[in-house]
Protein chains: 2
Amino acid sequence: MAKGPAASTVPISDARRRIMKIAAELFSRKGYGSVGTNEIGEATGYGKGALYYYIRSKGDLLHDIMTIYLRDLIHEARQIVAQNDGVKERVMLLSESLMRAVVEDNAEMTVCLREVHALEEDQRDRVLALHGAYLQIWRQVMEDAHVTGDFRPLDADELKGLLGMYFYSFLWLSSDRAKDVPDLARKFAGIVLRSCHA
Amino acid sequence: MAKGPAASTVPISDARRRIMKIAAELFSRKGYGSVGTNEIGEATGYGKGALYYYIRSKGDLLHDIMTIYLRDLIHEARQIVAQNDGVKERVMLLSESLMRAVVEDNAEMTVCLREVHALEEDQRDRVLALHGAYLQIWRQVMEDAHVTGDFRPLDADELKGLLGMYFYSFLWLSSDRAKDVPDLARKFAGIVLRSCHA
């Protein structure tokens, strides 16, 4: 498969990752627009001054949270596709990878999926390109499965619909369902496989 | 079917509905937390003072936008179920009703689905009850279809997943797809029917 944008993961300091986690939790709970930099400074214990040593602005922090989680998802999804040929295995493993992100990193995924509108235009374009790169991995899986005769042809709306099933689940799933991830992944993969079957 | 909460639609003045439409567009584009009452006053042409004649607060305006659109959806969905027996017709018509709301009232639906976290707790409970009432209509359709042998048994996670497919689509669909509503509804209904088939 062609290598799309931003496949690699970027190393981040522990302090920066901790700030991103706390900020993601605040953005997720209260909405990005309702959280001030002061509040992030207080919640992280850095205060506003020291916080700016690690982040450039609240907008950049939002962009970084989205970028890193989408890059991680893309990286994992590409590995799954490279290492597995069968459509059932691919869909099952992609389903589990995405569901695990939604459940275990619920605050970060909520921000990734809900706050795109809050980004500056050029940053939004970059984040939407990552969304597109992730979608493209699933599209390739569907197309490969059509070539082998396992799947019916699927159009762009149907693919986005099926992925929306996962993406929307950030709203009703949280970390208290962590032990159910394999079950949830199997149920959603079942819907994908049944609805795409040739 | 038992009559759940808030089935009826409440009459609203034209001025109030117009304010809700403009506010929904602002909340949808910029995020609820990033829009001030001043801005709503300017955009509607009332100014802040006269605006308060029609709305009690920004929070109440958000609550009213969510409530009215969910009530309309519930009202329409209950009529569809009452007037149609076959599972294919029910799923097709529910699919079209929901898809039409997502596409034609995209700003309002975006607010309904994305800004629940911004509500005060008691208002959030009422809005979540309406979400639940809407979900219950689809659940009844799935259960009826299981009784007739058309559908396999479906659990709560699967049902929420399938509806998430529609709900998430507010992010990638907008009013420029208005002419595609019947097509989009048919594609999504096809996914529901295929994935639930006994």
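**Focus: the overall build of chain A**
Here comes step 1: Secondary structure assignment for chain A yields 9 helices and 0 strands.
Here comes step 2: Going from N to C terminus, chain A has its helices and strands arranged as α-α-α-α-α-α-α-α-α.
Here comes step 3: Over its C-alpha trace chain A gives a radius of gyration of 18 Å, about what one expects of a compact globule, namely 16 Å for 198 residues.
Here comes step 4: Across its three principal directions, the C-alpha atoms of chain A cover 60 × 35 × 25 Å.
Here comes step 5: The 198 residues of chain A split such that 53% are buried.
Here comes step 6: Contacts in chain A between residues far apart in sequence, at least 24 positions, make up 76% of those at least 6 positions apart.

**Notes on the packing of helix α5 (residues 87–104) of chain A against helix α9 (residues 181–196) of chain A**
How two helices sit against one another is set out by the angle between their axes and by the gap between those axes.
All names here are of chain A.
Here comes step 1: At their nearest, the axes of α5 and α9 sit 8 Å apart, and the two run at 130° to each other. Considering the angle they form, α5 stands oblique to α9. Note that α5 runs across α9; the crossing there is right-handed. For the pair formed by α5 and α9, the contact residues are Val-87, Lys-88, Val-91, Met-92, Ser-95, Glu-96, Met-99, Arg-100 and Val-103 on the first element and Val-181, Pro-182, Leu-184, Ala-185, Arg-186, Phe-188, Ala-189, Val-192 and Leu-193 on the second.
Here comes step 2: The class makeup of the residues in the contact of α5 with α9 is 13 nonpolar, 1 polar and 4 charged.

**Remarks on the relation of the copies chain B and chain A**
Here comes step 1: For the match of chain B to chain A, the screw axis carries a shift of 0.0 Å, the RMSD comes to 0.0 Å, and the turn is 180°. A rotation of that kind, with that shift, is consistent with a two-fold axis.
Here comes step 2: Of the residues that chain B buries at the interface, 100% are likewise interface residues in chain A, meaning the two copies contact each other through the same surface.

**Quick look at the packing of helix α4 (residues 58–83) of chain B against helix α7 (residues 121–147) of chain B**
Residue and element names in this part refer to chain B.
Here comes step 1: At a minimum axis separation of 10 Å, α4 and α7 run at an interaxial angle of 15°. As far as their axial angle goes, α7 and α4 are roughly parallel. The handedness of the crossing between α4 and α7 comes out as left-handed. Along the contact surface, α4 presents Gly-59, Asp-60, His-63, Met-66, Thr-67, Leu-70, Arg-71, Leu-73, Ile-74, Ala-77, Arg-78 and Val-81, while α7 presents Gln-123, Arg-126, Val-127, Leu-130, His-131, Ala-133, Tyr-134, Ile-137 and Val-141.

**Points about the interface of chain B and chain A**
Here comes step 1: Tallying the contact residues gives 31 residues for chain B and 31 residues for chain A.
Here comes step 2: For the chain B and chain A pair, buried surface summed over both sides reaches about 2,700 Å², with 62% attributable to carbon and sulfur atoms.
Here comes step 3: Across the salt bridge formed by B:Lys187 and A:Asp157, the nearest N and O atoms sit 2.8 Å from each other.
Here comes step 4: Our count for the contact surface shared by chain B and chain A stands at 8 residue pairs in polar contact (both at pLDDT 80 or more).
Here comes step 5: When residues of the side of chain B that touches chain A are traced back to their parent elements, those giving at least two are α1 (14–30), α6 (106–114), α8 (156–168) and α9 (181–196) of chain B.
Here comes step 6: Here the side of chain B that touches chain A takes 9 residues from α8(B), the largest share from any one element.
Here comes step 7: In terms of residue class, the side of chain B that touches chain A is built from 10 nonpolar, 10 polar and 11 charged.

**Details of the packing of aromatic side chains**
All names here are of chain A.
Here comes step 1: Per the counting criterion, the structure on display carries 16 aromatic pairs over all chains.
Here comes step 2: On the numbers, 5.6 Å between centres and 50° between planes, the contact of Trp-138 with Tyr-166 is tilted. Here the residue Trp-138 occupies a position in helix α7 (residues 121–147), and Tyr-166 occupies one in helix α8 (residues 156–168), the gap between them amounting to 28 residues. For the pair formed by Trp-138 and Tyr-166, the shared burial category is buried.
Here comes step 3: Taken together, a centroid distance of 6.4 Å and an interplanar angle of 45° make the contact between Trp-172 and Phe-188 tilted.

**A short note on the environment of B:Glu115**
Residue and element names in this part refer to chain B.
Here comes step 1: Position of Glu-115 relative to the elements: it lies in the loop between α6 and α7.
Here comes step 2: On a C-alpha basis, the gap between Glu-115 and Val-91 in space is 27 Å, while along the polypeptide they are 24 residues apart.
Here comes step 3: Setting aside chain neighbours within four positions, we find Glu-115 in contact with Phe-27, Gly-31, Tyr-32, Leu-62, Met-66 and Thr-110.
Here comes step 4: Reaching out from Glu-115, the side chain makes a polar contact with the side chain of Arg-114 at a distance of 3.1 Å.

**Focus on the pattern of salt bridges**
Here comes step 1: Taken as a whole and judged by the stated rule, the model has 36 salt bridges over all chains.
Here comes step 2: A salt bridge links A:Arg114 to A:Glu115, with the nearest nitrogen and oxygen atoms 3.1 Å apart. With respect to class, A:Arg114 is no different from A:Glu115; both count as buried.
Here comes step 3: Measuring nitrogen to oxygen at the nearest pair gives 2.5 Å for the salt bridge that ties B:Arg177 to B:Asp180.
Here comes step 4: Residues participating in the shared-partner salt-bridge network are A:Asp155, A:Asp157, B:Arg177, B:Lys179, B:Asp180 and B:Lys187.

Rules behind the numbers
Residues numbered from 1 in each chain as written. Chains lettered and ligands numbered in written order. Predicted model: local features only at pLDDT ≥ 70, side-chain atom pairs only at ≥ 80, totals over all residues. Heavy atoms only, no water. Helix = DSSP H or I, 4+ residues; strand = E, 2+ residues; numbered from the N terminus. Rg over C-alpha atoms; globule rule 2.2 N^0.38 Å. Buried < 20%, exposed > 50% of the residue type's maximum accessible area, 1.4 Å probe, protein only. Contact = heavy atoms within 4.5 Å. Axes fitted to C-alpha atoms, helices over the stretch in contact; angles between N-to-C directions. Parallel < 35°, antiparallel > 145°, perpendicular 65-115°, else oblique. Left-handed = near helix turned anticlockwise from the far one by under 90°. Nonpolar A, V, L, I, M, F, W, Y, C, P; charged D, E, K, R; others polar. Least-squares fit on C-alpha atoms with pLDDT ≥ 70 in both. Buried area = accessible area lost by both parts, 1.4 Å probe. Salt bridge = Lys/Arg side-chain N within 4 Å of Asp/Glu carboxyl O. Polar contact = N/O pair within 3.5 Å; in protein donor to acceptor, adjacent residues only side chain to side chain. Phe/Tyr/Trp six-rings, centres within 6.5 Å; stacked < 30°, edge-to-face > 60°.

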